[in-house]
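Listed below, chain by chain, are the residues.
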Amino acid sequence: MSTHWASHVESLQSHLSSAPRRLMVVCGFQILLLFIGVYVGHGAAECEIRLPAGSGIEVDCNRCRLLGGLKGRDIFLLMAGLGTICIGLYAAVFKSKHYCRVYGMTMMVFAFMIGLTGILTGLEVPVLEAAASAVGPGMPDCEKIAFMMVDTARDHSILYGINCLLDCAGAVYAIYAKQLFDYETIENSHRKAISQQDSSL
């Protein structure tokens with residue numbers, strides 16, 4: 001049984017030449033950053049922000065709550081990201097030019113979504129900072145949660161910005177790697193032909 005798995009792994013490694021292997025590494029980093037971004041952006045607790053008439057923005061300390069499971073937005077981004085990355089992994093393993101192109105185009109759309117989410121979250125940071133600074137000194141728990149929301153929004157924005165750049169780079173490389181798949185297939189066939197010719201002599 002172990003010999004069968006060892007031979008299977010060796011055949012997979014020989015099948016994956018440099019271009020598909022690099023694409024798999026890019027997909028691995030994309031998965032890692034996607035999970036980190038969703039985890040950091042989730043936060044542990046939050047309070048509602050309100051803007052009373054004739055007053056500045058403030059934190060409603062009477063409406064704070066602990067966060068349980070993931071929000072619908074987080075689940076959507078996670079599922080969309082994993083689905084897109086799986087297309088890239090499939091393209092890398094089977095050296096499919098068609099799926100490589102599909103992955104590249106789909107990842108560009110997903111990178112736009114991630115980048116837009118990061119920008120919108122970054123625009124929330126100054127608003128949250130102003131609201132957190134307005135919390136009175138007699139409410140330490142509310143103040144702690146408010147500044148926690150600021151840190152979460154800032155880190156979330158930064159991570160999604162990095163994720164957007166990585167997704168764009170992966171998409172561009174996948175579109176470029178379509179041609180490399182052909183070149184490396186021809187090169188491997190040429191090497192096999194030379195080695196068979198040498199062995200027959």
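Residues numbered from 1 in each chain as written. Predicted model: local features only at pLDDT ≥ 70, side-chain atom pairs only at ≥ 80, totals over all residues. Heavy atoms only, no water.

A. A look at the overall build of the protein chain. If you tally the helices and strands in the protein chain, you get 5 helices and 2 strands. Across the protein chain, helices and strands are ordered from the amino to the carboxyl terminus as α-α-β-β-α-α-α. A total of 201 residues make up the protein chain; the buried ones form 35% of that total. Long-range pairs, those at least 24 residues apart, make up 75% of the contacts in the protein chain with a sequence separation of at least 6. Summed over all atoms, the accessible surface of the protein chain reaches about 12000 Å², with 66% contributed by carbon and sulfur. (Helix = DSSP H or I, 4+ residues; strand = E, 2+ residues; numbered from the N terminus. Buried < 20%, exposed > 50% of the residue type's maximum accessible area, 1.4 Å probe, protein only. Contact = heavy atoms within 4.5 Å. Areas by Shrake-Rupley, 256 points an atom, 1.4 Å probe, with all protein chains shown as cover.)

B. Here's a closer look at the environment of Glu-143. Of note, Glu-143 is situated in helix α5 (residues 140–200). Given the relative accessible area of 30%, Glu-143 is considered partly exposed.

C. Looking closely at the side chain of Thr-121. Within the fold, Thr-121 resides in helix α4 (residues 97–133). A polar contact of 2.7 Å, which involves the side chain of Thr-121, links it to the backbone oxygen of Thr-117. Ignoring sequence-local partners within four residues, the contact set of Thr-121 consists of Ala-153, His-156 and Ser-157. (Polar contact = N/O pair within 3.5 Å; in protein donor to acceptor, adjacent residues only side chain to side chain.)

D. Highlighting the nonpolar core. Formed by 21 residues in total, the largest nonpolar core has its most connected members in Leu-23, Leu-34, Cys-100, Tyr-103, Met-107, Phe-110 and Ile-114. Aside from chain neighbours lying at most four places away, what touches Ile-114 is Leu-77, Tyr-160, Asn-163, Cys-164 and Asp-167. In this structure, Ala-45, Cys-47, Ala-132 and Met-149 belong to the second largest nonpolar core, which totals 14 residues. (Core = buried A, V, L, I, M, F, W, Y, C linked by side-chain atoms within 4.5 Å.)

E. Looking closely at the pattern of salt bridges. This model, assessed by the stated rule, comprises 5 salt bridges. The partner of Glu-58 in a salt bridge is Arg-50, and the shortest N-O contact between them spans 2.7 Å. On the basis of relative accessibility, which here comes to 22%, the residue Glu-58 falls in the partly exposed class. The salt bridge partner of Glu-129 is Arg-154, with a shortest N-O separation of 2.5 Å. Of this pair, Glu-129 sits in helix α4 while Arg-154 is found in helix α5, placing the two residues 25 residues apart along the sequence. Overlapping salt bridges, with partners in common, bring together Glu-129, Asp-151 and Arg-154 in one network. (Salt bridge = Lys/Arg side-chain N within 4 Å of Asp/Glu carboxyl O.)

F. Highlighting a nonpolar patch on the surface. A contiguous nonpolar patch, built from Phe-112, Leu-116, Ile-119, Leu-120 and Leu-123 and spanning about 530 Å² of accessible area, is present on the exposed surface. Position of Phe-112 relative to the elements: it lies in helix α4. Classification of Phe-112 by relative accessible area gives exposed; the value is 58%. (Patch = residues over 30% accessible without salt bridge, like charges linked within 9 Å, V, L, I, M, F, W, Y side chains within 5 Å.)

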